[in-house]
Amino acid sequence: MKCDIAVVGSGLAALVATRTLQQAGRNAVLIWPGLSSLYFTYATVDVLGYSDLTTTQPVEQPEAGVAKLIADHPNHPYALAGLDALRSGTTLLIEWLRAAGFTWQGSLARNLLLPTAIGTPKPSCLYPESMAAGDLQRDEPIVFCGFVGYEDFVPELAASNLSRSWGRGDQSVRAIRVSLPGFDTSRLFTSIDLARSFEDKAFRREVASRIRREIAIDSVRVGVPAVLGLTHDTDVYSSFAAEVGHPVFEIPTLPPSVLGLRLFDRLRKHIQESGVEMIWAAPAHEAEVSDGQCRRIYLKSAGREHPIDARAYVLALEDMVDGALRAGVHTVVDPFFHQSLAHHAVPTERTDESLFRPQPFASIGYAVTDRLQPSAGDGHPLARNVFLAGGAIAGYDPVGTKSRGGLAIATGYRAAKEAMAA
Amino acid sequence: MITDEVGTFSDTVEEAAPVEACTKCTACNTVCPVARSTEIFRGPKFLGPESERYRSQPEAAVTAGLDLCSGCKLCEVTCPSQVSIQEYIRRAQNKGAAEKGRTLRDWVLGHTRLLSRFGSMTAPLANLGNRNPLVRWAMERVLGIHHKRPLPRYQWLTFERWFTRRPHNKTARRTVAYFYGCWVNYNERRLGEQVVAILERNGIEVIVPKQQCCGIPAVVNANMDLARKYGGENVRRLSGLPADVDIIASSTSCGLMLKHDYAHLLDIPGAEQVGARVYDICEYLWMLHEAGELNLDFQPVSTRLLYHAPCHLKSHGIGYPAMRLLRLIPGVQLEEVDEGCCGISGTFGVKVEKYDLSMKIGSRLFAAVKAAGTDAVLADCETCRMQVEHGAGAHSAHPIDILARAYGHG
């Protein structure tokens, strides 16, 4: 199949790149390897939470933080993509979210500190309206509300962790649990089942009244696991919050992330119905390069390899899961150009035993040129018309610095611009 | 000693992901149209890879509810680790049926070709019967086929006979073999005629090798041996075609069986080689277009259309060639409706205990179709078309129908 520009991936970087191409009137095809990384990640947009992997002091102003990071580290992917790409890409994303019916808030100017499911603060600057009331820079006491039988959110754990770190006094954090109509503990259920049930008005109203009965005091805010609707979330959130009678905020839970699912599903539908073709179920690999240009990549389609001949390619893949990298016991290779991206004589060098320390595997990826083309690390592109975006770019840990979203936006936008010019 | 196994390890993960490749991410459950519509279905993750881990044990895991999997394969389409979720479910269901026996209804629905042959031979009578409330009441009681489900009309003249009787066009630069499938043969001969006319209009000779049911009705009705028998016959005959003859299918699911399931689900020898030569009709015509060989002499077709992509088309991994093709025709206004599975899934929505569920799954699509109010809804899959007509009261057609009109073969 021939096309103008092929975007490979289904995470935020791929979506931003595709939208950038669409807005510029270019004919983009979006090729999926499988479900989006947005299903597994937190689904706020984190631009820069921590300036490096060792500090515990969160960044207050993400845009200024990125500017400083670029000045200090001229080879960081943010520096390669450029601050302008972050700004323009963010504007594009915010406008797109609005067009697709989302009510998101925030800007590059300021990070909120939003509580996680284990009660730790997480810096994020773009977030759904339904999370905003959780900001830990505000002072109102918090009640974490769990649901009986739903084990992916333990309100007591969140409350006990937060009360130790937050410092707003003994009475500032509490935990409650309410039972849910129709969900008894003998039933196995997930956040997805709950989110579907919350779309039902009567269910929602009953849960809200049970929460109201549990909370006898005024001036608190209520944190619930992010299950307030799967597709009709805006209405679900506002009506539920009104019925609870206190400010309500959602807290992301273990994968699959309902917040990520909402985001991906609606953006995908929006871009697809506005004319961008998607090729589902087709992992991409094998770049055919001649004279410094990529002529073709292949998709693993049913029955045979399906060739894609594009003028330019945006490879917006993330990691091992979506096929950006292939990891053997010692070596990590890239499936497009067959470079060795990392080699570990002892396989355990790739990981740190503590889950909460920086993981060496997180920064494995493709070396890129200053135009985000893949390179052998010598500054020369392996193919002039291929551009990388997102987590597969080497040399940074998007999880550790809480910068995954911002980097996806900046590199997705920049890669799309470069692909148009190629 | 651990040795470097980059090549073999990564290829194992991608080509035929073992059950261990499942990371339990639950992505499949979020997209499963059945899990979305009924809480009694425990979802593809549990019934597929999770239960699979125990099925090879001496005390094999007994998993109830396997028959609620409709076989749409959206779980496999969305699995980031390319696990063959639905194939595990099908194999387990087949094993259960082989041990416990299957119902008369499932036996009959698995033998769709026999049923259709009978329907076609007795066409006027069969069609009358299928619309008679008393007959339908009896069918529901005896066979478990829901009385509200419209059954397809049979035609007396089959595509096969029509094709052998017609004058053969041999002045062509290329030859393709047409796998028409039971639907075109017994129910919608006109679609087959259009496929032939369009290919010949583009200078391609069409041959029709002798063929058997693709086997998908047998697969989804827990009769894998029958499917393997049908598939084996097809592979044998199609393997005998000259090497430069491509194989074209106009039914999405037949095409997917030939391309993929014969080799991967049914392990039919020689199926890989055949599958690599199979093309969906729109995929093939688009390839012609890209090679500059498609006749673009279209008459304008002034119409507003909605396109529904069948779930199994997504499994082909070829995008939506029908949309690309139809956008070449002047006058065609085409939009995509993206509301997921229509709910019928072949014989699934025909069954008395699944009819309501199938209509519930399709309800989002029906609402979108009604709201759009276009002249027709296009879908490459015949049972999607049946379901949209039934659920949304809309006219429905194969994309080829519009292309045929543009060529003056409407």
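Rules used throughout
- Residues numbered from 1 in each chain as written.
- Chains lettered and ligands numbered in written order.
- Predicted model: local features only at pLDDT ≥ 70, side-chain atom pairs only at ≥ 80, totals over all residues.
- Helix = DSSP H or I, 4+ residues; strand = E, 2+ residues; numbered from the N terminus.
- Rg over C-alpha atoms; globule rule 2.2 N^0.38 Å.
- Contact = placed C-beta atoms within 7 Å.
- Nonpolar A, V, L, I, M, F, W, Y, C, P; charged D, E, K, R; others polar.
- Axes fitted to C-alpha atoms, helices over the stretch in contact; angles between N-to-C directions.
- Parallel < 35°, antiparallel > 145°, perpendicular 65-115°, else oblique.
- Left-handed = near helix turned anticlockwise from the far one by under 90°.
- Domains from an automatic or database assignment.
- Buried ≥ 20, exposed ≤ 12 C-beta atoms within 10 Å, placed from the backbone.
- Arc of directions from axis to C-beta.
- Pairing = 2+ DSSP bridges.

(A) Structural detail: the overall build of chain B. Helix and strand counts for chain B stand at 23 helices and eight strands. Taking 2.2 N^0.38 as the reference for a compact globule, 410 residues should give roughly 22 Å; the C-alpha atoms of chain B span a radius of gyration of 21 Å, in line with that estimate. Counting only C-alpha atoms and orienting by the principal axes, one finds that chain B spans roughly 60 × 60 × 40 Å. Relative to all contacts within chain B whose residues are 6 or more apart in sequence, the contacts with residues 24 or more apart total 76%.

(B) A look at the interface of chain A and chain B. Listed as interface residues are 39 residues of chain A and, on the opposing side, 35 residues of chain B. Put simply, the parts of the chain that give the side of chain A that touches chain B at least two residues each are helix H6 (191-197), helix H9 (258-273), strand E11 (277-279) and strand E16 (331-333) of chain A. With four residues, H9 of chain A is the largest single contributor of residues to the side of chain A that touches chain B. Among the residues making up the side of chain A that touches chain B, the classes are represented as 22 nonpolar, nine polar and eight charged.

(C) Seen up close, the environment of Ala-64 of chain A. Relative to the helices and strands, Ala-64 of chain A resides in helix H2 (residues 62-72). Note: C-alpha distance between Ala-64 of chain A and Arg-110 of chain A (46 residues apart in sequence) is 9.3 Å.

(D) Representation of the packing of helix H13 (residues 189-201) of chain B against helix H23 (residues 399-406) of chain B in the model. All names here are of chain B. Packing of H13 against H23 leaves a shortest axis separation of 9 Å and a crossing angle of 50°. Our classification of the angle between H13 and H23 gives oblique. The handedness of the crossing between H13 and H23 is left-handed. Each of Leu-191, Gln-194, Val-195, Ala-197 and Ile-198 in H13 lies in contact with H23, whose residues at this interface are Ile-400, Asp-401, Leu-403 and Ala-404.

(E) Structural context of the domain arrangement of chain A. Considered domain by domain, chain A is made up of domain 1 (2-102 + 264-421) and domain 2 (141-246). Between the C-alpha centres of domain 1 of chain A and domain 2 of chain A there is a distance of 35 Å.

(F) Region of the structure containing the domain arrangement of chain B. Residues and elements named next belong to chain B. Domain assignment breaks chain B into domain 1 (6-100) and domain 2 (296-406). Between domain 1 and domain 2, the C-alpha centre-to-centre distance is 28 Å. Facing 11 residues of domain 1, the contacting portion of domain 2 comprises 13 residues. Taken together, the elements giving at least two residues each to the side of domain 1 that touches domain 2 come down to helix H3 (33-37) and helix H5 (74-78). Of the residues in the side of domain 1 that touches domain 2, the class split is five nonpolar, four polar and two charged.

(G) Fine view of helix H8 (residues 112-121) of chain B. Residue and element names in this part refer to chain B. Those residues of H8 lying buried are Thr-112, Arg-113, Ser-116, Gly-119 and Ser-120. Taken down its axis, H8 places every buried residue within 125° of arc, on the same side. On its buried face, H8 is in contact with helix H7 (104-110), helix H9 (123-130), helix H12 (181-187) and helix H14 (216-220).

(H) The arrangement of the packing of helix H1 (residues 12-23) of chain A against helix H4 (residues 83-99) of chain A in detail. Residue and element names in this part refer to chain A. Remark: H1 packs on H4, axes separated minimally by 10 Å, with the N-to-C direction vectors making an angle of 85°. In terms of their interaxial angle, H1 and H4 are classed as roughly perpendicular. Along the contact surface, H1 presents Val-16, Arg-19, Thr-20 and Gln-23, while H4 presents Gly-89, Leu-92, Leu-93 and Trp-96.

(I) Molecular detail of the environment of Pro-49 of chain B. Here Pro-49 of chain B shows up in helix H4 (residues 43-55). Remark: the alpha-carbon pair of Pro-49 of chain B and His-147 of chain B, spanning 98 residues in sequence, is separated by 35 Å.

(J) Expanded view of the pairing of strand E5 (residues 303-308) of chain B. Residues and elements named next belong to chain B. Bridge count for E5 against strand E6 (residues 332-337) is six bridges, and the pairing is parallel. Bridging across to E6, Leu-306 finds its partner in Glu-335. For E5 and strand E7 (residues 376-378), the ladder comprises three bridges, and the chain directions are parallel. Bridging from a neighbouring strand, Leu-306 pairs with Val-377 of E7.

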